[in-house]
Amino acid sequence: MRILVTGAAGFLGSHLCDRLLAEGHTVVGMDNFITGSPDNIAHLAGNERFTFYRHDVSNYIFVPAKVDAVMHFASPASPNPKSPYGYFNLPIQTMKAGALGTHNTLGVAKAHGAKFLLASTSEIYGDPTVHPQTEDYPGNVDTIGTRAVYDEAKRFAEALTMAYHRYHNIDTRIVRIFNTYGPRMDLEDGRALPNFLKQALLGQPLTIYGRGDQTRSFCYVDDLIDGIVRLLYSDEHLPVNIGNALEMTILEFAQAINRITGNQAGETFLADERSARDPQRRQPDITRAKTILGWEPKVDLDEGIKRTIPYFKEKLGL
Ligand code: NAD
Ligand code: UDP
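Bear in mind the structure is a predicted one, so any value in this text is a computation, not a measurement.

*Asks:* Quick one: what's the story with the overall build of the protein, residue by residue and with numbers?
*Replies:* Within the protein, the secondary structure is distributed over eight helices and 13 strands. Taking 318 residues into account, the globule formula puts the C-alpha radius of gyration at 20 Å, and the protein, at 19 Å, falls close to it. The burial tally for the protein puts 56% of its 318 residues in the buried class. In the protein, 79% of the contacts between residues at least 6 apart in sequence involve partners at least 24 apart. A total of about 13200 Å² of accessible surface is found on the protein, and carbon and sulfur atoms cover 51% of it.

*Asks:* Mind laying out unusual backbone geometry, listing which residues take part and the relevant values?
*Replies:* Backbone torsion omega between histidine 131 and proline 132 reads -10 degrees, so that peptide bond is classified as cis. Of note, proline 132 is situated in the loop between β5 (115-121) and α3 (148-168). For asparagine 169, which is not a glycine, the phi torsion comes out positive at approximately 60 degrees. Tracing the sequence through the fold places asparagine 169 in the loop between α3 and β6 (172-177). If you check the backbone angles, arginine 184 has positive phi at about 80 degrees while not being a glycine. Relative to the assigned elements, arginine 184 resides in the loop between β7 (180-181) and α4 (192-201). A residue is classified by how much of its surface remains accessible, and arginine 184, at 16% relative accessible area, is buried.

*Asks:* Tell me about the layout of surface pockets, and name the residues and values.
*Replies:* For the second largest pocket, the calculated volume is near 160 Å³. Forming the boundary of the second largest pocket are Tyr60, Ile61, Phe62, Val63, His103, Asn104, Gly107, Val108, Ala111 and His112. The residue inventory of the lining of the second largest pocket, partitioned by class, reads six nonpolar, four polar and no charged.

*Asks:* Can you break down the site of ligand 2 residue by residue, with the values?
*Replies:* Taken together, 18 residues lie near ligand 2, and Thr207, Tyr209, Arg216, Asp278 and Arg282 sit nearest. Between ligand 2 and the protein, one listed contact pairs an oxygen atom with a backbone N or O atom of tyrosine 209 at 2.8 Å. Starting from 520 Å² of accessible surface for ligand 2 in isolation, the protein chains cover 97%. Classifying every residue of the shell around ligand 2 gives six nonpolar, five polar and seven charged.

*Asks:* Which residues make up helix α6 (residues 250-261), and what values go with them?
*Replies:* For α6, spanning twelve residues, the distance from its first C-alpha to its last is 17 Å, which sits close to the expected 16 Å at 1.5 Å a residue. Residues of α6 that are buried include every one of Ile250, Phe253, Ala254, Ala256, Ile257, Asn258 and Ile260, and no others. Where α6 is buried, its residues touch α4, β8 (206-209), β9 (215-217), β12 (247-249), β13 (267-270) and α8 (301-316). At the exit of α6 stands glycine 262, carrying a positive phi of roughly 75 degrees.

*Asks:* I'd like a description of the sheet that holds strand β3 (residues 50-54), backed by residues and values.
*Replies:* Taken in spatial order, the seven strands line up as β3-β2-β1-β4-β5-β6-β11 in an open sheet, and their pairing is parallel. Across the chains shown, the open sheet's two edge strands, defined by having one partner strand only, are β3 and β11 (240-242). Put simply, the sheet's adjacent strands are angled 20 degrees from each other on average, direction ignored. Two elements, strand β2 (residues 26-31) and β3, share five bridges in a ladder whose sense is parallel. The residue of β3 that forms the bridge with glycine 29 is phenylalanine 52. Sitting on the sheet, helix α1 (residues 11-22) touches β1 (2-6), β2, β3, β4 (69-72) and β6, and the angle it makes with β1 is about 170 degrees. Contacts from helix α5 (residues 221-233) reach β1, β4, β5, β6 and β11, with the element oriented near 160 degrees to β6.

Conventions and cut-offs
Residues numbered from 1 in each chain as written. Chains lettered and ligands numbered in written order. Predicted model: local features only at pLDDT ≥ 70, side-chain atom pairs only at ≥ 80, totals over all residues. Heavy atoms only, no water. Helix = DSSP H or I, 4+ residues; strand = E, 2+ residues; numbered from the N terminus. Rg over C-alpha atoms; globule rule 2.2 N^0.38 Å. Buried < 20%, exposed > 50% of the residue type's maximum accessible area, 1.4 Å probe, protein only. Contact = heavy atoms within 4.5 Å. Areas by Shrake-Rupley, 256 points an atom, 1.4 Å probe, with all protein chains shown as cover. 1 Å grid on protein atoms, 1.4 Å probe; cavity = no way out; pocket = protein on both sides within 12 Å on 5 of 7 lines; lining within 4 Å. Points joined across faces, edges and corners; volume = space filled by probe spheres on them. Nonpolar A, V, L, I, M, F, W, Y, C, P; charged D, E, K, R; others polar. Near = heavy atom within 4 Å. Polar contact = N/O pair within 3.5 Å; in protein donor to acceptor, adjacent residues only side chain to side chain. Expected span 1.5 Å × (residues − 1). Pairing = 2+ DSSP bridges. Axes fitted to C-alpha atoms, helices over the stretch in contact; angles between N-to-C directions.

None of the figures reported here should be taken as evidence of function without further support.
Next comes the structure, spelled out in C-alpha cells:
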C-alpha cells in the first residue's frame, strides 16, 4: 500500500513509518514539526519508498499520487501545563489538528477511496468512573476543563470518522491509544516517562505530582505499533483500545524506574504541579484487541525501559 502518515515526525508517527516501510509499504509522511522533530525521520532520508511533506494538516491537503490508506496521527499530545509542547500551550492548534486535520485527512481518504485510521486516545474517557475502561464506556469529560482542548478534539474526530464511515462508506478504523513510551519521546515534553527517566539517569529525585496514587498503564511503543498495524489490516470499524493492561500507581512506576536505572535519589512529591482533572485511574480493557486482532503486549516494563535508556542517554550526552 501507499500510506499517508500525518504526524510522521512525532514519537509514534515515526515508529509507525518505520514499521510500515519494514512491511514493504510506501509511506508519504506529513508533519509541520510543531511538537515533532526532523531528527525522528532523518534515518529515512534516501529511502526511495519514503517521501515527506512539511505541511499543517489543518489546511487543505493535496497528495499528488494515489494513496491506499491514511493514518492520522498529527496532534500535540502532552498534557503538561508547563511544557511549550503540551496542548495547554497549543490549545487552538490542538483543536484544529483534531477537528480540521481530521476533516482534511478524511477528505483525502474519500477522494482516494483509501482506508482511514484515526489515532484517538484514552483521554476520550476523561477521568473515568468505569474501571478498567471498555470501548463502550462513553467517558466522563468536562467540555470546558483544562484538558478539554485535547479530549473534545479527539471526541469530535471520532464522531467525524464514524460519520464518514456511516454516510460516505469510508473504510475507517479508530484506535484508542493508552499511555505509551519508548525511544524518540521528546525528553522535554513533560510526560511521566521522559521526566522520570531523564531525572533517574541524571541521579535526581523523581518528581511525583500529588501523592502518586493515581494510576496509569504503560505500553512499550513496539507493542502499540503492532496493535495499530493489526487494526489497519482488520475489518473493524468500531474503536479498539490498544495499551498495556498492567495498571500501577505513578509512585510504583517511579520506583520501578529508579530500580532499573539504579538511581539512589528516590522521589520528591510536588503537591500542586498537575492539579485539576489529572485522571485518577486509567487502565485499558483490551479484550476487544485480543479477540478481534489476536493482539496483546509482549514487552514487560523492565524490558521496555531497558530498550528506551540508550536513546535517553544519547540525548543527555551520557
Ligand atoms: P508527538 O507530539 O510526538 O507527535 C505528534 C506529531 O504531529 C508531531 O510530529 C507534530 O509536529 C505533528 N503535528 C501536530 N499538529 C500538526 C499539524 N497541524 N499538522 C502537521 N503535523 C502536526 O506525539 P505522539 O505521542 O507521537 O502522539 C501521536 C498521536 O498519538 C497523537 O494524535 C496523539 O493524540 C496520539 N496519542 C498518543 C499517546 C501517547 O502515549 N504517546 C496516547 C494517546 C494518543
Ligand atoms: N506525573 C508525575 N510526575 C511527572 C510527570 C507526570 O507524577 O514528572 C504524573 C501525572 O500527574 C499523571 C501521570 O504521571 O498522573 C501520567 O502523566 P503523563 O504526562 O505521562 O500523561 P497522562 O496520562 O496524564 O496523559
